[in-house]
Amino acid sequence: MSPQIQRLVDRRPAVSAEELLDGFRPSERFGEVSFQTYRPDPAQPSQAQAVEELQRFAASVTGSGKASGKGGGFFSRMFGGGGGGAATKQGIYLDGGFGVGKTHLLASLWHEAPGPKAFGTFVEYTNLVGALTFPKTVQALSQYSLVCIDEFELDDPGDTVLMSRLMRELSDAGVKLAATSNTLPGSLGEGRFAAAGFQREIQVLSDQFEVLRIDGEDFRHRGLPEAPASLPDEQIESFMDQRFDGQTVAVDDFSDVVEHLSTVHPSRYRHLIKDLDGIVWRNVHTVDQQALALRLVVLTDRLYDRDLPIVASGASFDQIFTPEMMAGGYQKKYYRAVSRLTALAREGLAES
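Quick summary incoming for the structure in this document. (Residues numbered from 1 in each chain as written. Predicted model: local features only at pLDDT ≥ 70, side-chain atom pairs only at ≥ 80, totals over all residues. Heavy atoms only, no water.)

### Some thoughts on the overall build of the protein chain
The criterion, for reference: Runs of E in the DSSP output that reach at least two residues are strands. Runs of H or I that reach at least four are helices, and both are numbered from the N terminus. Buried means the residue's accessible area, taken with a 1.4 Å probe over protein chains only, is under 20% of the maximum for its type, while exposed means over 50%, and partly exposed covers the values in between. Only heavy atoms enter the contact rule, under which two residues are in contact if any of them lie within 4.5 Å. In short, Shrake-Rupley with a 1.4 Å probe defines the accessible areas, and a residue's cover is counted only from the protein chains shown.
Helix and strand content of the protein chain: 14 helices and nine strands. Counting over 352 residues, the protein chain shows a buried share of 55%. Pairs at least 24 apart in sequence give 87% of the contacts found in the protein chain among residues at least 6 apart. For the protein chain, the computed accessible surface area is about 15,000 Å², with 48% contributed by carbon and sulfur atoms.

What follows is the structure, encoded as structure tokens:
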């Protein structure tokens, strides 16, 4: 039975506000994780400590929609009395390198905490504001007891001001906040823009969180995994027929996909790949425009969330961004994207 062929470039998803918000939950990859399934490294005691602190933090979350910040204003709730430890602040922040299990722990917190809650990446929240407007985003998220922000990173001054204000307003509403990143809150934005001119906003963000450092080997120290060679273009069709037999696969020229991404709001990328079993890209090449490259990073994250295997011809994925991009201010995003595309390409070449 041959695969059912579709094209990403033919998809223009229309997504309601309710559908956007419904997508703010851990991906299938982390859909059933828990603190019990996390395996701390005995050589890294900070990992077990993080589990204990997060369990205490989960117990501090109310299930009533808005967390229980009672009176006294923002700063008294953030630094006010009672018990000490991470749970006395409105937010908790997991800092550590790639591959130490921060997303696993954040998703475990989301699963354990009661009440309505949201889980998304940093860029998904900024995209949500772009899709809904800032007031409607605040109104929607203020009804949650917990907002989890994965891969917290500031890309430009606009995002700095936006997220500073959003976190402040949510905290004022009594919403508990949890975030992961590989950059300490006070260092967010470094290397990307004139961070010194936005220290007030950065400090507001930093002051929101109790920081938990999670130690462990950072895969960046090991370098990027070697990307598998792409298939010759003339072999794509026969390989695809065998690999995705009876499944639904999107087949596109890579240039068309990159161009199409500029016409679809990033908040809709999750729906752009909905109900697909695989991706086939012909003639993959290096993307040399930063705006398009950053949109490709967002799509890569959504593909990785879904664990969608990729079969490709053309350049290998370790060549997909320019050397200047890989060494520039957004290098963490690009390294993550290359690593994830490489993993999906290996899955694509594996037997189904």
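### What to know about the nonpolar core
Basically, it comes down to this: For the purposes of this section, nonpolar cores are sets of buried Ala, Val, Leu, Ile, Met, Phe, Trp, Tyr and Cys residues that join through side-chain atoms within 4.5 Å.
By size, the foremost hydrophobic cluster in this structure holds 39 residues, and its most contacted members are Trp281, Leu299 and Phe321. Here this core takes eight residues from helix H12 (residues 290-306), the largest share from any one element. When sequence neighbours within four positions are dropped, the list of residues in contact with Leu299 reads Val257, Leu261, Tyr269, Leu272, Ile273 and Trp281. Formed by 28 residues, the second largest nonpolar core is a distinct cluster that contains Phe122, Tyr125, Val147 and Met163.

### Some words on the pattern of salt bridges
As a reminder of what qualifies: The term salt bridge refers to a pairing of a side-chain nitrogen on Lys or Arg with a carboxyl oxygen on Asp or Glu at a separation within 4 Å.
Following the criterion strictly, the structure yields 17 salt bridges and no others. Two residues, Glu28 and Arg306, come together in a salt bridge whose shortest N-O distance is 3.4 Å. Placement of the pair is Glu28 in the loop between helix H1 (17-22) and helix H2 (45-60) and Arg306 in helix H12, with a sequence separation of 278 residues. With a relative accessible area of 56%, Glu28 lands in the exposed category.

### Here's the deal with helix H6 (residues 134-141)
Here is the rule: Directions drawn from the helix axis to the C-beta atoms are what define this arc.
All of the buried residues along H6 are Phe134, Thr137, Val138, Ala140 and Leu141. An end-on view of H6 places all buried positions within 165° of arc, on one side of the element. Among the exposed residues of H6, those pointing more than 90 degrees away from its buried face are Pro135, Lys136 and Gln139.

### Quick notes on the packing of aromatic side chains
Going by this rule: Any pair of Phe, Tyr and Trp rings, taking the six-membered ring for Trp, is counted once the centres come within 6.5 Å. Such a pair is stacked with planes under 30 degrees apart, edge-to-face with planes over 60 apart, and tilted for the rest. A ring is scored as having a charge over it whenever the NZ atom of a lysine or the CZ atom of an arginine sits within 6 Å of its centre and within 35 degrees of its normal.
All chains considered together, the criterion is met by four aromatic pairs. Three or more aromatic residues joined by ring pairs form one cluster here, namely Phe254, Trp281 and Phe317. Across the ring face of Tyr304, the terminal group of Arg29 is positioned such that the distance to the ring centre comes to 3.7 Å. Positioned above the aromatic ring of Trp110 is the side chain of Lys117, whose terminal nitrogen or guanidinium carbon lies 4.9 Å from the ring centre.

### Some points on the pairing of strand S2 (residues 91-95)
So the rule is basically this: A pair of strands is treated as paired once DSSP finds two or more bridges between them.
Burial analysis of S2 places five of its five residues in the buried class, which makes it a mostly covered element. The alternating pattern of S2 places Gly91, Tyr93 and Asp95 on one face and Ile92 and Leu94 on the opposite face, and all of these are buried. As defined by bridge partners, S2 adjoins strand S5 (residues 176-181) across five bridges and the pair is classed as parallel. Paired with Leu94 across the bridge in S5 is Thr180. Where S2 and strand S6 (residues 209-213) come together, five bridges link them in parallel fashion. Note that in S6 the partner of Asp95 across the bridge is Arg213.

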